[in-house]
Amino acid sequence: MNKKMYINGQWVTATSGQTRTIINPFNQEQIAEVPEGDETDAQSAVDAARNAFDHGEWRHTPATERGKLVSKVAELIERDQQELAELETLDSGKTLTESLDDMSDIAEVFRYYGGLADKDGGEMIESPLPDSRSKVVREPVGVCGQITPWNYPLLQASWKLAPALAAGNTLVIKPSEITPLTTIKVTELIEEAGVPKGVANLVLGSGAKTGQLLAESHSVDLISFTGGVETGRKVMTAASGNFKKIALELGGKNPNIVFADADFETAVDQALNAVFFHAGQVCSAGARLLVQDSIHDEFVEALVERTKQIKLGNGFDDSTQSGPLISKEHLEKVESYVDIGVKEGANLIVGGKRPEAEELQSGFFFEPTIFTNCETSMQIVQEETFGPLLTIERFSTEQQAVQLANDSKYGLAGAVWTTDIRKAERVSSELRMGTVWINDFHPYFAQAPWGGYKSSGIGRELGKQGLEEYTEVKHVFENTNPAPLNWF
Ligand SMILES: NC(=O)c1ccc[n+]([C@@H]2O[C@H](COP(=O)([O-])OP(=O)(O)OC[C@H]3O[C@@H](n4cnc5c(N)ncnc54)[C@H](O)[C@@H]3O)[C@@H](O)[C@H]2O)c1
Ligand SMILES: C[N+](C)(C)CC=O
């Protein structure tokens, strides 16, 4: 596999000659050395994408042909799914089972947008003027900058790459500097599928240098960013220079509401999965549990019992249920929230520290952690810890559950557990968030839009809305009987 950047159809090293060492968060062993690009490399990639958009054939290629190439990428991902999944596990620490599931979702995303590429032929609208025809068409936006995080490296990239290509754009993608390997590999597959040179470019390096340039550049027409709220703010500010289109997929602190009439065992089981899956490093993690008073104590007891059994370990080991956190810095951040929670008066009832097992000492592991007696006003309830840390609050009425759940700057996702479907519908319609699950947690798929209300972001990925983000809307008006106006 190449360990380079891909600019204008060439695999290249950084102009500066700098490289970055990529490590496995399970044991801190070096797994790759990749180019550390900077503004110069990012500018070359933008220039290549600009030239390919303005002078290349891609945007004029029939949508059906573009769709076939995007679908071809799906086939290549399926062919290489084992290699891709192993790279993802090495790079991110997630279990191989999770990585294989990601690869199958990713192939579906490319297949879905490959199929959608030629489905919108525009729309005739009724013109109020005589002797005229009016048509609304969607066109590619132009050059797209795409910036992705480390927690779902290739999955988040696929949500951007597939619709951008299907809609006829050119692009520069910049993966997280911590987890670039699968994005490098998929760029090889995009090349192998036959996407013309200059259309899809890959630049590696820090966000402050390469990402910032993409957000600022006046040659970029759209910036699509997935990451934290504070970085999102910088991207939005930088993007204002030329009023480029922006799409922001940001963080969340997602409420998981359990009513007393829920199926108890299922709700306990899924509450664990909601928060501890991928060590809590999921934007939509159910890190905020709201439990109705009458079942609170029993529910907490069952959760704690099962939390103690969670097996941490190497993502390549079949018995591992959760891998490490991504980095030392992130581990320290999660750890600091435990101190904050204790100081705030929450009750730490399980976890709260690094595990003691000998075989976990070289990795960035943290024990699954639960706090009870939490109040909505607490920092540990309001802020995204992005780790295996669950806060539990009580509620007594439906109205109170809704009020607590909405008391957040975020609005990404949430769930409601009850056997009363009318109640589930009432609550879901009151929740101010982009996704609400009823008696489930976590499902997402190519066909349904994903994105946040409030500070969780702007715009949507996936679904037909995810393709529309990568288009501009044009109204074409034709006078079928032109004649002088004689106004002047
Ligand atoms: N809403 C979603 O769908 C979704 C999905 C995955 C992750 N996330 C969020 O991502 C965050 C975790 O990811 P992270 O730690 O990689 O986020 P991050 O904000 O630190 O980094 C994300 C990306 O932004 C780049 N970046 C950093 N500074 C930049 C700058 N000044 N200009 C442009 N780009 C810059 C980074 O290099 C990286 O590629 C969490 O908050 C999580 O909730 C959201
Ligand atoms: C969007 N999702 C759930 C795949 C990853 C969030 O971090």
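From a predicted model like this one, the values you see are computed outputs, not experimental measurements.

## Details of the packing of helix α13 (residues 398–406) against helix α14 (residues 421–430)
Running from N to C, α13 and α14 cross one another at 30°; their axes reach a closest spacing of 10 Å. As summarised for this structure, α13 and α14 are arranged roughly parallel, according to the angle between their axes. Judged by the twist between their axes, the crossing of α13 over α14 is right-handed. Contact residues: α13 offers Glu398, Val402 and Asn406, while α14 offers Lys423, Arg426, Val427 and Glu430. Class assignment for the residues of the contact of α13 with α14 results in 2 nonpolar, 1 polar and 4 charged.

## Observations concerning helix α1 (residues 39–55)
Helix length check: α1, at 17 residues, gives a terminal C-alpha distance of 24 Å against a target of 24 Å (1.5 Å per residue), a fit within 8%. Here α1 has its buried residues at Asp41, Ala42, Ala45, Val46, Ala48, Ala49, Arg50, Ala52 and Phe53. Contacts made by the buried residues of α1 are with β1 (5–7), β6 (132–140), β7 (143–147), β8 (170–174), β9 (200–202) and α7 (207–216). Looking at where α1 begins, the residue whose side-chain oxygen comes 3.0 Å from the main-chain nitrogen of Thr40 is Asp38.

## A word on the sheet that holds strand β22 (residues 471–479)
Strand order in the open sheet made by the 3 strands is β5-β6-β22, with antiparallel pairing throughout. The open sheet is flanked by β5 (123–125) and β22, the only strands paired with a single partner. Taken over all neighbouring pairs, the strand axes of this sheet differ in orientation by 25° on average, direction set aside. Two elements, β6 and β22, share 9 bridges in a ladder whose sense is antiparallel. Looking at β22, one finds that Val136 is bridged to His475.

## Details of the packing of aromatic side chains
Scanning all chains against the criterion turns up 12 aromatic pairs. Centroid distance Phe26 to Phe365: 6.0 Å. Interplanar angle 85°. Geometry classified as edge-to-face. Pair noted here: Phe26 is in the loop between β3 (19–23) and β4 (30–35) and Phe365 is in the loop between β14 (347–350) and β15 (369–372), with a separation of 339 residues, a long-range link. Consider the rings of Tyr444 and Trp450, whose centres lie 6.1 Å apart with planes at 70°: the pair is edge-to-face. Among the aromatic residues, those joined into a ring-pair cluster are Trp159, Trp437, Phe441, Tyr444 and Trp450. Lying over the aromatic face of Phe53, Arg59 brings its terminal NZ or CZ to 4.6 Å of the ring centre. Above the plane of the ring of Tyr152 lies Lys94, whose end atom (NZ or CZ) is 3.7 Å from the centre.

## Focus: the UniProt feature "active site" (unreviewed entry) in the protein
With numbering aligned to this structure, UniProt lists the feature "active site" (unreviewed entry) at Glu249. Looking at where Glu249 falls in the secondary structure, it is placed in strand β11 (residues 245–249). On the basis of relative accessible area, Glu249 is assigned to the buried category, the value being 5%. Residues in contact with Glu249, not counting those within four places in the same chain, are Phe225, Thr226, Gly227, Trp450, Gly451, Gly452, Ser456, Gly459, Arg460 and Glu461.

## What to know about a negative patch on the surface
A grouping of Asp263, Glu265, Glu298, Glu301 and Glu305 is seen on the molecular surface, where their side chains present a negatively charged patch. A per-element tally of the negative patch places helix α10 (residues 293–307) first, with 3 residues. Owing to a relative accessible area of 43%, Asp263 belongs among the partly exposed residues under this scheme.

## Focus: the site of ligand 1
Close to ligand 1 lie 29 residues; Thr148, Glu177, Thr231, Leu250 and Glu384 are nearest. Taking Glu177, its side chain carries an N or O atom lying 2.6 Å from an oxygen atom of ligand 1. A distance of 2.9 Å separates an oxygen atom of ligand 1 from a polar atom in the backbone of Gly228. Element by element, the count of residues in the shell around ligand 1 is highest for α7, at 4 residues. Residue composition of the shell around ligand 1, grouped by class: 12 nonpolar, 12 polar and 5 charged.

## Regarding the side chain of Lys160
Tracing the chain through its elements places Lys160 in helix α5 (residues 153–166). Look at Lys160 and you get buried, because its relative accessible area is 0%. If we ignore the near neighbours within four places in the chain, the residues touching Lys160 are Gln146, Ile147, Thr148, Ser224, Phe225, Thr226, Glu461 and Tyr470.

## What about the site of ligand 2?
Taken together, Asn151, Tyr152, Leu155, Gln156, Trp159, Val282, Cys283, Ser284, Tyr444 and Trp450 make up the full set of residues near ligand 2. One of the side-chain nitrogen or oxygen atoms of Asn151 is found 2.7 Å away from an oxygen atom of ligand 2. Starting from 250 Å² of accessible surface for ligand 2 in isolation, the protein chains cover 98%. Here the shell around ligand 2 is composed, by residue class, of 7 nonpolar, 3 polar and no charged.

## Side note on the nonpolar core
Membership of the largest hydrophobic core comes to 119 residues, with the highest contact counts inside it found for Ile77, Phe110, Tyr113, Leu289, Phe299 and Leu303. Contact partners of Tyr113, with chain neighbours within four places excluded, come to Val70, Ala162, Pro163, Ala166, Glu461, Leu462, Gly463, Gly466 and Leu467.

## Section: the pairing of β6
Bridging between β5 and β6 involves 3 bridges; their strand directions are antiparallel. Residue pairing across strands places Glu123 opposite Val136, the latter belonging to β6.

Rules and cut-offs
- Residues numbered from 1 in each chain as written.
- Chains lettered and ligands numbered in written order.
- Predicted model: local features only at pLDDT ≥ 70, side-chain atom pairs only at ≥ 80, totals over all residues.
- Heavy atoms only, no water.
- Axes fitted to C-alpha atoms, helices over the stretch in contact; angles between N-to-C directions.
- Helix = DSSP H or I, 4+ residues; strand = E, 2+ residues; numbered from the N terminus.
- Parallel < 35°, antiparallel > 145°, perpendicular 65-115°, else oblique.
- Left-handed = near helix turned anticlockwise from the far one by under 90°.
- Contact = heavy atoms within 4.5 Å.
- Nonpolar A, V, L, I, M, F, W, Y, C, P; charged D, E, K, R; others polar.
- Expected span 1.5 Å × (residues − 1).
- Buried < 20%, exposed > 50% of the residue type's maximum accessible area, 1.4 Å probe, protein only.
- Polar contact = N/O pair within 3.5 Å; in protein donor to acceptor, adjacent residues only side chain to side chain.
- Pairing = 2+ DSSP bridges.
- Phe/Tyr/Trp six-rings, centres within 6.5 Å; stacked < 30°, edge-to-face > 60°.
- Lys NZ or Arg CZ within 6 Å of the ring centre and 35° of its normal.
- UniProt positions renumbered as here; feature names shortened; annotations may be inferred.
- Patch = residues over 30% accessible without salt bridge, like charges linked within 9 Å, V, L, I, M, F, W, Y side chains within 5 Å.
- Areas by Shrake-Rupley, 256 points an atom, 1.4 Å probe, with all protein chains shown as cover.
- Salt bridge = Lys/Arg side-chain N within 4 Å of Asp/Glu carboxyl O.
- Lys, Arg positive; Asp, Glu negative; His and termini not counted.
- Charge placed at Lys NZ, Arg CZ, Asp CG, Glu CD.
- Near = heavy atom within 4 Å.
- Core = buried A, V, L, I, M, F, W, Y, C linked by side-chain atoms within 4.5 Å.

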